[in-house]
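Notes for the structure review
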Amino acid sequence: MALREGDDAFFELNFSPSVRLVSTVRRFVTSFYDQIVEDAELTSKVAMATHELLENAVRYSTDGHTRLQVGIRHDGPRTYIVTIDTTNRTKKKHVDHLSALMEEMQGASNADDFYQVLMRRSLGRKNESGLGLGRIRAEAEMTVTHQIEGDQVHLRAQARFDNVGAP
């Protein structure tokens, strides 16, 4: 059942995810949106971006709780607006690292080049590479923004996709 122009297809989860549940959510997102947008490439981008954001929330959450919102709005013939949000609490050191990474990412003019920089940097690191956020920007072609309120982090991946399902 495809979305009609003006329709939304969204869901919200408030839960205590584990690493195992991240993959379960990704499979759900793929199955759910495959039926709604009928475009495998778009569904793949949404699923990957959801996976990366949720994985970050699991990894850096201080209380184990995360809120995830995923939505697609049919905004015209073959046009969809995708928004993925996560919210979780984290430590100040993670907030500081995220803020620095986001500033650097926003200043990078080429998403693919920046992702390559992150991949090279991550070779010797075990924590806080930012690779997933760079991947969302480069591979899913989505903007990534953040908002900090005390120890609470809101991450958003968003994009407008035109010519979806076009031959």
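The structure we're discussing is the one just above.
None of these values were measured; they are calculated from a predicted model.

Estimates place the volume of the second largest pocket at around 190 Å³. As for the second largest pocket, its lining consists of 13 residues, of which Phe 10, Val 70, Gly 71, Ile 72 and Thr 83 are closest to the centre. Breaking the lining of the second largest pocket down by element, the ones donating at least two residues are strand 1 (8–15), strand 2 (66–76) and strand 3 (79–89). Class assignment of the residues belonging to the lining of the second largest pocket gives a composition of six nonpolar, three polar and four charged.

On to the nonpolar core, then. With 42 residues, the main nonpolar core has Tyr 33, Val 46, Ile 84, Leu 133, Ile 136 and Met 142 as its most contacted residues. Ranked by the residues each element gives to this core, the list is headed by helix 2 (residues 40–60), at seven residues.

When the terminal C-alpha atoms of helix 2 are compared, their 30 Å separation across 21 residues agrees well with the 30 Å that a helix rising 1.5 Å per residue should span. With 15 of 21 residues buried, helix 2 lies mostly within the body of the structure.

Turning to the pattern of salt bridges, a few remarks are in order. Per the counting criterion, the structure on display carries eleven salt bridges. The shortest N-O distance in the salt bridge between Glu 104 and Arg 121 comes to 2.4 Å. With a gap of 17 residues between them, Glu 104 in helix 3 (residues 92–107) and Arg 121 in helix 4 (residues 111–122) connect regions that are remote in the sequence. On the basis of relative accessible area, Arg 121 is assigned to the partly exposed category, the value being 32%.

What follows covers the environment of Lys 92. Here Lys 92 is to be found in helix 3. Between the alpha carbons of Lys 92 and Gln 152 there is a distance of 9.6 Å; along the sequence they are 60 residues apart.

With respect to topology, five strands assemble into an open sheet ordered 1-2-3-5-4, the strand pairing being antiparallel. One side of each edge strand has no neighbouring strand; the edge strands of this open sheet are strand 1 and strand 4 (143–149). Across the sheet, the mean angle from the axis of one strand to that of its neighbour is 10 degrees, orientation sign disregarded. As paired elements, strand 2 and strand 3 share ten bridges and run antiparallel to each other. Directly across from Arg 67, in strand 3, lies its bridge partner Thr 87. Relative to the sheet, helix 2 contacts strand 1, strand 2, strand 3 and strand 5 (152–161), its axis offset from that of strand 3 by approximately 10 degrees. Strands in contact with helix 3 are strand 4 and strand 5; relative to strand 4, the strand with the most contacts, it is inclined by about 145 degrees.

With that settled, the discussion passes to the pairing of strand 5. Looking along a regular strand, one sees side chains alternate from face to face of the sheet. Note that strand 3 and strand 5 share ten bridges and pair antiparallel. What sits directly across from Arg 89, in strand 5, is Gln 152. Taken together, the seven bridges between strand 4 and strand 5 define a ladder with antiparallel strand orientation. What sits directly across from Val 144, in strand 5, is Ala 157. In this antiparallel pair of consecutive strands, strand 4 and strand 5, the connection spans two residues, and Gly 150 shows a positive phi of 65 degrees.

What counts and what doesn't
Residues numbered from 1 in each chain as written. Predicted model: local features only at pLDDT ≥ 70, side-chain atom pairs only at ≥ 80, totals over all residues. Heavy atoms only, no water. 1 Å grid on protein atoms, 1.4 Å probe; cavity = no way out; pocket = protein on both sides within 12 Å on 5 of 7 lines; lining within 4 Å. Points joined across faces, edges and corners; volume = space filled by probe spheres on them. Helix = DSSP H or I, 4+ residues; strand = E, 2+ residues; numbered from the N terminus. Nonpolar A, V, L, I, M, F, W, Y, C, P; charged D, E, K, R; others polar. Core = buried A, V, L, I, M, F, W, Y, C linked by side-chain atoms within 4.5 Å. Buried < 20%, exposed > 50% of the residue type's maximum accessible area, 1.4 Å probe, protein only. Expected span 1.5 Å × (residues − 1). Salt bridge = Lys/Arg side-chain N within 4 Å of Asp/Glu carboxyl O. Pairing = 2+ DSSP bridges. Axes fitted to C-alpha atoms, helices over the stretch in contact; angles between N-to-C directions. Contact = heavy atoms within 4.5 Å.

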